[in-house]
2 protein chains.
Amino acid sequence: MTDPLPSWNDGPAKQAIVTFVRETTSEGSPKFVEPEERIATFDQDGTMWVEQPAYTQILFAFHQVSVMADNDPKLKDVEPFKTVLSGDGAAIGKLPLPELLKIVAATHSGTTVEVFQQAVHDWLATAQHPRFKRVYTELVYQPMLEVMQYVRANGYKTFIVTGGGQDFVRTYSERVYGIPRDQVVGSAGGIAFSYDKSGKAVLTKDPKLLWIDDKTAKPVDIHLMIGRRPVMAFGNADGDQAMLEYAEGGDGARFMMLVHHDDATREYAYGPESAMSPFSAALMARAKQGDWVVVSMKNDWKCIFARQS
Amino acid sequence: MTDPLPSWNDGPAKQAIVTFVRETTSEGSPKFVEPEERIATFDQDGTMWVEQPAYTQILFAFHQVSVMADNDPKLKDVEPFKTVLSGDGAAIGKLPLPELLKIVAATHSGTTVEVFQQAVHDWLATAQHPRFKRVYTELVYQPMLEVMQYVRANGYKTFIVTGGGQDFVRTYSERVYGIPRDQVVGSAGGIAFSYDKSGKAVLTKDPKLLWIDDKTAKPVDIHLMIGRRPVMAFGNADGDQAMLEYAEGGDGARFMMLVHHDDATREYAYGPESAMSPFSAALMARAKQGDWVVVSMKNDWKCIFARQS
């Protein structure tokens, strides 16, 4: 028997995953889960790849602001673009959410869906993480990739359920996670149908925000896009609590896991012990109450990043 | 070689399907389509199963009105429920769309998603079609099931893209079409997240209509839910035109097919030649201009209905 999770240290977290998968997929087991019910949902940022010092998609949006300003220099005088273009990290870091959404709307609209996908693809091919000096798609967590592969090998259908944009994540989900585009649930902007000059049907991205896939919207969007209650759910932040509770609330065997970022040496430490953590002390208490598995990146993971993109 | 489409008569429609699948899945073929791009979308009502004399889901909604009236007799005096409960077929047939949507909203809300699914399941198990005296899930078109199975066997991922409700169709899509719930795209109502008395997370259906998956909303919803332009698209009505045009507008090999209901003896005849047809003369002209395959149920299909549910 080869180890299905070679990047995990032996311990309760690894043991919990292996035991759960074995018990839910062995015929005759009291915890057996029918194949069509085997749905596993994974948050992305902070659960599958690095989300510090900023969400990758926000960095892409900032890059697109500079592309836009090259074509329309007047933007340099208009906020919030002016702040982004200033390169002043402290000021950029203080941009409030509505201003960030304005930047996302402006940089994620006005083109066909194919042109947008190409822009994401091109940026991801070269942009590097400021600390790790690697492209972002190489900063995927190897232990979590192994979990995805392991549960899929046991008949689970894996989905990304992310606060990030569907159109952004879908450009690399197949290559990086082995997850087809239609198994990516995320935030979405408006899409308009029209015909191009040659009469061909095209879809164009418009600036309207349709939904933000976070907090209680995660279970709602899981129902709208997947149509089943997940049996396994993986997250790392307060925004994932409702998704894990939705998984927990179903009948039969249930598996909920949170990734605790406690490894400042190899990645970052920003768990409940830090101020302003996206993983609050209340979530840690909820995890303990529900017997959810909390993974220590420091202790449970032999390595952090995927060996290759 | 066994015939992959045994319920199809030899002729141009069958030949077109077989040729397209062979050419797009043979390595080295100039029309080869990469496996991840192999997306096939199927309308449901009138394309996969009978839609006359009324949409099956509307008949379910009418049944639910009688269940509601049993619990709340005052409904018998309130329109449009009064008309539905009168059993006056002519009056019911004249209910305008906003009144029908009112009935759907009232009968498709107020319960958890699981309770709703069970109600649909129970009704489908016994309700019979007025003419064919069979349960509705036996009134699926055998030749179209064979197309689904054939393209799937060649690496295409099949999706239902229907004006019907996702939550309705998903109760039987796996059993009847072999299509998992998450590969059903349809109209959808609001979903609310809350906790039940025992503290478990539940989703409840609310009466708000989120989107109607018809006409140009079909390609938009395909993008939102699937994230790829289909290579093959199947429909039977004006409401499917935009979906077929979206399939047509992509690069490389493309396959568009319309089912023409021209068989009053074995099913119904309500094509462009009839007044008020959902398949207009304009759509027939568009199909000819685009070289879309138009299937004659009368001439192309050896049998109509699935041999078993």
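Reading guide: rules and limits
Residues numbered from 1 in each chain as written. Chains lettered and ligands numbered in written order. Predicted model: local features only at pLDDT ≥ 70, side-chain atom pairs only at ≥ 80, totals over all residues. Heavy atoms only, no water. Helix = DSSP H or I, 4+ residues; strand = E, 2+ residues; numbered from the N terminus. Rg over C-alpha atoms; globule rule 2.2 N^0.38 Å. Buried < 20%, exposed > 50% of the residue type's maximum accessible area, 1.4 Å probe, protein only. Contact = heavy atoms within 4.5 Å. Areas by Shrake-Rupley, 256 points an atom, 1.4 Å probe, with all protein chains shown as cover. Lys, Arg positive; Asp, Glu negative; His and termini not counted. Charge placed at Lys NZ, Arg CZ, Asp CG, Glu CD. Buried area = accessible area lost by both parts, 1.4 Å probe. Salt bridge = Lys/Arg side-chain N within 4 Å of Asp/Glu carboxyl O. Polar contact = N/O pair within 3.5 Å; in protein donor to acceptor, adjacent residues only side chain to side chain. pLDDT = per-residue confidence, 0-100. Least-squares fit on C-alpha atoms with pLDDT ≥ 70 in both. Arc of directions from axis to C-beta. Phe/Tyr/Trp six-rings, centres within 6.5 Å; stacked < 30°, edge-to-face > 60°. Lys NZ or Arg CZ within 6 Å of the ring centre and 35° of its normal. Axes fitted to C-alpha atoms, helices over the stretch in contact; angles between N-to-C directions. Parallel < 35°, antiparallel > 145°, perpendicular 65-115°, else oblique. Left-handed = near helix turned anticlockwise from the far one by under 90°. Nonpolar A, V, L, I, M, F, W, Y, C, P; charged D, E, K, R; others polar. Pairing = 2+ DSSP bridges. Right-handed = clockwise from strand over helix to strand, strands pointing away.

Visitor: Describe the overall build of chain A, naming the residues involved and giving the relevant values.
Guide: Helix and strand content of chain A: 13 helices and seven strands. The C-alpha radius of gyration computed for chain A amounts to 20 Å, which stays within 12% of the reference 19 Å derived for 309 residues, consistent with globular compactness. Overall, the C-alpha framework of chain A stretches about 65 × 50 × 35 Å when taken along its three principal axes. Looking at the 309 residues of chain A, the share that counts as buried comes to 55%. Put simply, 66% of the contacts in chain A that link residues at least 6 apart link residues at least 24 apart. Carbon together with sulfur atoms contributes 55% to the accessible area of chain A, which is approximately 13000 Å² in total. The averaged location of the 39 negative side-chain charges in chain A is 2 Å from the averaged location of its 32 positive side-chain charges.

Visitor: So what's going on with the interface of chain B and chain A? Which residues, and what values?
Guide: Tallying the contact residues gives 39 residues for chain B and 39 residues for chain A. For the chain B and chain A pair, buried surface summed over both sides reaches about 3300 Å², with 53% attributable to carbon and sulfur atoms. At the junction of chain B with chain A, the criterion picks out six salt bridges. A salt bridge links D182 of chain B to K157 of chain A; the shortest N-O distance between them is 3.0 Å. Where chain B meets chain A, there are 24 residue pairs in polar contact (both at pLDDT 80 or more). Listing elements by their share of the side of chain B that touches chain A, those giving two or more residues are α6 (113–126), β2 (157–165), α8 (166–169), β3 (184–195), β4 (201–211), α10 (217–225) and α11 (241–248) of chain B.

Visitor: Tell me what's going on with the confidence of the model for chain A, and back it up with residues and numbers.
Guide: On average, residues of chain A score 96 in pLDDT, and 99% of them reach the 70 mark or higher. Across the whole predicted complex the pTM is 0.97, and at the interface the ipTM reaches 0.97.

Visitor: So, the relation of the copies chain B and chain A: which residues are in play, and what are the values?
Guide: In the superposition of chain B on chain A (RMSD 0.0 Å, axial shift 0.0 Å), the rotation amounts to 180°. Both chain copies can therefore be described as sitting about a two-fold axis. Of every C-alpha in chain B, the one belonging to M225 of chain B sits nearest the axis of rotation, 3.2 Å from it. Interface overlap between copies: 100% of the residues of chain B at the interface are likewise at the interface in chain A, consistent with a symmetric, same-surface contact.

Visitor: Tell me about helix α5 (residues 97–107) of chain A, and name the residues and values.
Guide: All names here are of chain A. Along α5, the residues classified as buried are E99, L100, I103 and T107. Summarising the axial view, the buried residues of α5 lie within an arc of 100°, below the 170-degree limit, and thus occupy one face. Facing away from the buried surface of α5 by more than 90 degrees, the exposed residues are L97 and P98.

Visitor: I'd love a proper account of the packing of aromatic side chains, names of residues and values included.
Guide: The final tally for this structure, using the stated rule, is 33 aromatic pairs over all chains. Geometrically, the ring pair formed by W8 of chain B and W301 of chain B is edge-to-face, given 5.9 Å between the ring centres and 70° between the ring planes. Here W8 of chain B is found in the segment before α1 (12–25), whereas its partner W301 of chain B is found in the segment after α13 (297–300), with 293 residues between them in sequence. Given the relative accessible area of 0%, W8 of chain B is considered buried. Ring centres 4.9 Å apart and planes at 70° place the aromatic pair F132 of chain B and F305 of chain B in the edge-to-face group. Here F132 of chain B, found in the loop between α6 and α7 (142–153), pairs with F305 of chain B, found in the segment after α13; they are 173 residues apart in sequence, far enough to count as distant. Judged on exposure class, the residue F132 of chain B and its partner F305 of chain B are both buried. Feature note: the residues W49, F60, F116, W123, Y136, F168, Y172 and Y177 of chain A constitute an aromatic cluster, connected by ring pairs. Its guanidinium or amino end placed over the ring of F116 of chain A, K205 of chain A lies 4.6 Å from that ring's centre, counting from NZ or CZ.

Visitor: Account for the packing of helix α2 (residues 56–71) of chain A against α5 of chain A, with residues named and values stated.
Guide: Residue and element names in this part refer to chain A. Contact geometry for α2 and α5: axes closest at 9 Å, N-to-C directions at 60°. With respect to α5, the axis of α2 lies oblique. Judged by the sense of rotation from one axis to the other, the crossing of α2 with α5 is left-handed. Taking contact as the criterion, the partners of I58, A61, F62, Q64, V65 and M68 in α2 are, on α5, L100, I103, V104, A106 and T107. By residue class, the composition of the contact of α2 with α5 is nine nonpolar, two polar and no charged.

Visitor: Residues and numbers for helix α11 (residues 241–248) of chain A, please.
Guide: Since there are 3.6 residues in each turn of an α-helix, residues three or four apart along the chain are aligned in direction. Among the eight residues that make up α11 of chain A, six are buried, leaving the element largely enclosed by the rest of the structure. Buried residues of α11 of chain A: A242, M243, L244, E245, Y246 and A247 of chain A, and no others.

Visitor: Explain the sheet that holds strand β7 (residues 293–296) of chain B residue by residue, including any values.
Guide: All names here are of chain B. The strand order across the open sheet formed by seven strands is β4-β3-β2-β1-β5-β6-β7, and the pairing between neighbours is mixed. Two strands in the sheet have a free side with no partner beyond their single neighbour: β4 and β7. Sheet twist, expressed as the average angle between the axes of neighbouring strands with direction ignored, equals 30°. Sheet analysis places β3 next to β4, joined by seven bridges and oriented antiparallel. Considered in β4, the bridge of A188 is made with W211. Across the face of the sheet, α10 comes into contact with β1 (39–42), β2, β3 and β4 while running at roughly 125° to β2.

Visitor: Got a sec to walk through the pattern of salt bridges? Specific residues and values, please.
Guide: According to the stated counting rule, one finds 32 salt bridges over all chains in the structure shown. Across the pair D10 of chain B and K14 of chain B runs a salt bridge, and its minimum N-O distance is 3.5 Å. Here D263 of chain B and R266 of chain B are joined by a salt bridge, their closest N and O atoms 2.7 Å apart. Taken together, the shared-partner salt bridges in this structure form one network comprising D3, D10 and K14 of chain A.

Visitor: Could you give an account of the pairing of strand β7 (residues 293–296) of chain A, naming the residues involved and the relevant values?
Guide: Along a regular strand, successive side chains alternate from one face of the sheet to the other. Residue and element names in this part refer to chain A. The pairing of strand β6 (residues 255–260) with β7 spans four bridges and is classified as parallel. Paired with V259 across the bridge in β7 is V295. Between the parallel pair β6 and β7, the chain is carried across by helix α12 (residues 281–289), and the sense of this crossover is right-handed.

Visitor: Describe the sheet that holds β6 of chain A, listing the residues and the values that go with them.
Guide: Residue and element names in this part refer to chain A. The sheet built from seven strands is open, its strands ordered β4-β3-β2-β1-β5-β6-β7 with mixed pairing. A single partner strand is all that each edge strand has here, and the edge strands are β4 (201–211) and β7. The average undirected angle you get between the axes of adjacent strands in this sheet is 30°.

Visitor: Account for the side chain of Q166 of chain A, naming residues and giving values.
Guide: In this structure, Q166 of chain A sits in helix α8 (residues 166–169). A distance of 3.2 Å separates the side chain of Q166 of chain A from the backbone nitrogen of G186 of chain A, its partner in a polar contact. Setting aside anything within four residues of it in sequence, one finds Q166 of chain A in contact with V184, V185, G186, S187, A188, W211 and M225 of chain A together with L224 of chain B.

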